[in-house]
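# Geometric and topological summary
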Amino acid sequence: MKYRVALKNLAKAVLVLFLVTFSISILVRWLPGDPIEILMPFATEEGRAALRAELGLDINVVQYYFSWLFDLLRGDFGVWYASTGDGGGVPVRSMLAVALPRSLLIMLYTMVVSIVFAVPLGIFLAYRAETRTDKTISNVLFAVSSIPSFAIGLALAFVVGVQLDLLPVIGYVPFAENPSEHFRSLVMPVVSLSIGLIATFSRLLRVDMIATLREDFVTMASSKGLSNMWILWRHVLRPSSSTLMTSAALQMGALIGGAVVIESVFALNGFGMLLTTAIATRQYLAIQSLVALIAIAYIVFNLIVDVLYAVVDPRVRGGRG
Amino acid sequence: MRKKYTIPTYFAFGWLGFAVFLAVFGSFIPIDGYQVIHGDFIDSPPFTSGHWFGVDSNGYDIFSGIINGARLSIFIAVVSVGLGGFIGSLLGVTAAYYRGRYDSVVNTAFNVVLSVPNLVLALALVAVLATNVDINEAVPTWRRLITLVMSLTIVIIPILGRIARAATLAWSGREFIVAARSMGMRDRHIISRHIVPNVLPALIAVGFLAVGVVIIAEASLSLLGVGIPDGASWGGMIARGRNDLEYNPHALYIPIIALAFTVISTNHVGDVLRGKLDRREGRL
């Protein structure tokens, strides 16, 4: 029974993925102007014809889409054309090899930092529910969750980077090169992305925890004489975490968007910068592959969260879920 | 048991009222336009006489920039949320009311659009729509404005459309709808008289949140260099102020404060409206 539901969800996800990538390839076709003029203004006739064939401008959209799709499945993300060159371009894959790990690391750090700070904060607020401390902190958190991450990033860059001169304002240092510089270069980007998430996550967790704290098993546990800390962390946290997980999956979209802007603010040259540059310089194949990758990542992440539900909350595993 | 409004709520309504007032009547305030260069006052800090918010390093007065930015940012947000909300709820309500294949097509379409993160979608759409056939020719500002509004509208459609669909699904199973249908009332009338009035409050609450999303998206696009040029919107002012952080920080933090206050206020109002709605539902 539940496998059938899982298969149905999977089929839906695959359908959505197919439609997204197909729409993107139509959209990319709609870009006004002659791509050949833009990508290779000084090319020879043969060069133009070769590029035309490579971009699939000589075949119809459907054929073009499937050739792009099979290339993508084989790990070929297309070519990044040099604007001055006559033919030579760099494979998008090799550019991704540099940019993608940076962005993934930033997102990983952001998620870890957000969860590590949000969970204790949410538990604390639920424990102190409806007191003055809770009300004040909750109001502040609400305001903080509305501030866009780039605003926090720019403010940090000014105060910490320029005025106090504590951390580097721009640039990225790989971990292998210099671990301490690596973390120093990422403190401000990660902090500016996580502050909003911490506020959102802890508010959600607080609401769910308050609901769970009213249940009978909590009264039972506390009359057994278990300590408050034990009850909060071992008994209440787990059944209260499903909204937090859904939100974490949904926030991935906002995080990808936020990371694009933050990468530009701190000049980190990650995935987002690659996408922005691709759009600005009209790298047709690159735009298509990059947006498709984002959509795939987002959908897969949501599927994983669906599975995680069942792991965290056994009630979902049964027929009722 | 009417709940009294709290201080943050008054503040949020007050700020939004003030911002909308600036946006609508800003051109009647007797100060120089935002593109007038005050050469003698370059880099003056806030509270300089005649320039309350100071002057940036190009000589533009920041106060008149904020007023003009309020007009543009709020115009973009209201138009795209209004338009996107209208189209989205039209699709969402009819889809949930008629169900069947039409519903699954609409729902899949929403999912497709939602599977690309907001900002990435807006970025891609602006890039496609705002490109000239001749790449060397600059895109005129009005065309940038239209493409920006169109792109953000497309971003908003599925967000509000989904809310409309879910709310309609919940309402169309209620007894009074079934009764109206069995009395032979026309679908059009059931939708306009019974469903829309019930779905609208939820849509308005989420619409306020969507205004915040759009204002942030517009500013982000400006930071990425594809927004309205020449620092005309708040995002444009932030993008321009960012270049000389060191000598002129107020050119950056004043528009950031204006933008952050506005987004906090719209989110708070949306939250309060949603809370009121939940209590109303609870009583029914």
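Residues numbered from 1 in each chain as written. Chains lettered and ligands numbered in written order. Predicted model: local features only at pLDDT ≥ 70, side-chain atom pairs only at ≥ 80, totals over all residues. Heavy atoms only, no water.

## Here's the deal with the overall build of chain B
- Helices and strands together make up the secondary structure of chain B, namely nine helices and zero strands.
- The N-to-C order of helical and strand elements in chain B reads α-α-α-α-α-α-α-α-α.
- Considering only C-alpha atoms, chain B reaches an extent of 75 × 55 × 30 Å along its principal axes.
- By residue count, 51% of the 284 residues in chain B fall in the buried class. (Helix = DSSP H or I, 4+ residues; strand = E, 2+ residues; numbered from the N terminus. Buried < 20%, exposed > 50% of the residue type's maximum accessible area, 1.4 Å probe, protein only.)

## Quick notes on the packing of helix H9 (residues 216-223) of chain A against helix H10 (residues 228-236) of chain A
Residue and element names in this part refer to chain A.
- At a minimum axis distance of 10 Å, the contact between H9 and H10 shows a crossing angle of 140 degrees. Accordingly, the angle class assigned to the pair H9 and H10 is oblique. Handedness of the crossing formed by H9 with H10: right-handed. Contacts between H9 and H10 involve Phe 217, Val 218, Ala 221 and Ser 222 from the former and Ile 231, His 235 and Val 236 from the latter.
- Residues of the contact of H9 with H10, tallied by class, amount to five nonpolar, two polar and no charged. (Axes fitted to C-alpha atoms, helices over the stretch in contact; angles between N-to-C directions. Parallel < 35°, antiparallel > 145°, perpendicular 65-115°, else oblique. Left-handed = near helix turned anticlockwise from the far one by under 90°. Contact = heavy atoms within 4.5 Å. Nonpolar A, V, L, I, M, F, W, Y, C, P; charged D, E, K, R; others polar.)

## Looking at the interface of chain B and chain A
- Contact with chain B, which involves 38 residues of that partner, is made by 40 residues of chain A.
- Taken over both partners, the interface formed by chain B and chain A buries close to 3300 Å², and the fraction arising from carbon and sulfur atoms is 83%.
- Inspection of the chain B/chain A interface yields one salt bridge.
- For Asp271(B), the salt bridge goes to Arg203(A), with nearest N and O atoms at 3.9 Å.
- Applying the counting rule to chain B against chain A returns two residue pairs in polar contact (both at pLDDT 80 or more).
- Those elements that place two or more of their residues in the side of chain B that touches chain A are helix H3 (100-114), helix H4 (118-129), helix H7 (187-223) and helix H9 (250-283) of chain B.
- The leading source of residues in the side of chain B that touches chain A is H9(B), at nine residues. (Buried area = accessible area lost by both parts, 1.4 Å probe. Salt bridge = Lys/Arg side-chain N within 4 Å of Asp/Glu carboxyl O. Polar contact = N/O pair within 3.5 Å; in protein donor to acceptor, adjacent residues only side chain to side chain.)

## A short note on the packing of helix H6 (residues 132-146) of chain A against helix H8 (residues 179-213) of chain A
All names here are of chain A.
- H8 packs onto H6 with a crossing angle of 135 degrees between their chain directions and a minimal axis gap of 8 Å. Classified by the interaxial angle, the pair formed by H6 and H8 is oblique. Of the two elements, H6 crosses H8, and the hand of that crossing is left-handed. Across from Asp 134, Ser 138, Leu 141, Phe 142, Val 144 and Ser 145 in H6, the residues of H8 making contact are Ile 195, Gly 196, Ala 199, Thr 200, Ser 202, Arg 203 and Arg 206.
- Here the contact of H6 with H8 is built from residues that sort into five nonpolar, five polar and three charged.

## Quick word on the packing of aromatic side chains
- Across all of its chains, the model carries 13 aromatic pairs over all chains by this definition.
- Measuring from ring centre to ring centre gives 5.3 Å for Tyr65(A) and Phe66(A), while their planes differ by 75 degrees; the resulting arrangement is edge-to-face.
- Residue Phe66(A) is classed as partly exposed on the basis of its relative accessible area, which comes to 33%.
- The positively charged end of Arg234(A) is found above the aromatic ring belonging to Trp230(A), 5.1 Å away from the centroid.
- The side chain of Arg174(B) reaches across the aromatic face of Trp171(B), ending 4.4 Å from its centre. (Phe/Tyr/Trp six-rings, centres within 6.5 Å; stacked < 30°, edge-to-face > 60°. Lys NZ or Arg CZ within 6 Å of the ring centre and 35° of its normal.)

## With respect to a nonpolar patch on the surface
Residue and element names in this part refer to chain A.
- On the surface, a cluster of nonpolar side chains totalling about 570 Å² of accessible area is made up of Leu 15, Phe 18, Val 62, Phe 66, Phe 70 and Leu 73.
- Secondary-structure elements contributing two or more residues to the nonpolar patch are helix H1 (2-30) and helix H4 (61-73).
- With four residues, H4 is the largest single contributor of residues to the nonpolar patch.
- A relative accessible area of 45% places Val 62 in the partly exposed class. (Patch = residues over 30% accessible without salt bridge, like charges linked within 9 Å, V, L, I, M, F, W, Y side chains within 5 Å. Areas by Shrake-Rupley, 256 points an atom, 1.4 Å probe, with all protein chains shown as cover.)

## Concerning the nonpolar core
- Core analysis: the largest hydrophobic core is formed by 145 residues, its most contacted members being Phe150(A), Met209(A), Leu275(A), Ile76(B) and Ile238(B).
- Looking at this core, the element that brings in the most residues is H7(B), giving 14 residues.
- When neighbours within four sequence positions are excluded, Leu275(A) is seen to be in contact with Leu290(A), Val291(A), Ile294(A), Val120(B) and Leu123(B). (Core = buried A, V, L, I, M, F, W, Y, C linked by side-chain atoms within 4.5 Å.)

## Brief notes about helix H5 (residues 141-172) of chain B
- Spanning 32 residues, H5(B) covers 45 Å between terminal C-alpha atoms, matching the ideal 46 Å at 1.5 Å per step.
- The largest bend along H5(B) reaches roughly 30 degrees and is located at Ile156(B), with the proline Pro158(B) sitting one to four residues downstream. (Expected span 1.5 Å × (residues − 1). Bend = angle between axes of the 7 residues up to and from the residue.)

## Some words on the pattern of salt bridges
- In total, this model carries eight salt bridges over all chains according to the counting rule given.
- A salt bridge links Asp134(A) to Arg206(A); its shortest N-O distance comes to 2.7 Å. Taken together, the residues span a long stretch of sequence, with Asp134(A) in helix H6 and Arg206(A) in helix H8 at a distance of 72 residues.
- Residue Asp134(A) is classed as buried on the basis of its relative accessible area of 1%.
- Among the residues examined, Arg206(A) registers a relative accessible area of 14% and is labelled buried.
- Taking the shortest distance from any N to any O, the salt bridge between Asp103(B) and Arg99(B) comes out at 3.3 Å.
- The partly exposed category is assigned to Arg99(B), whose relative accessible area is 44%.

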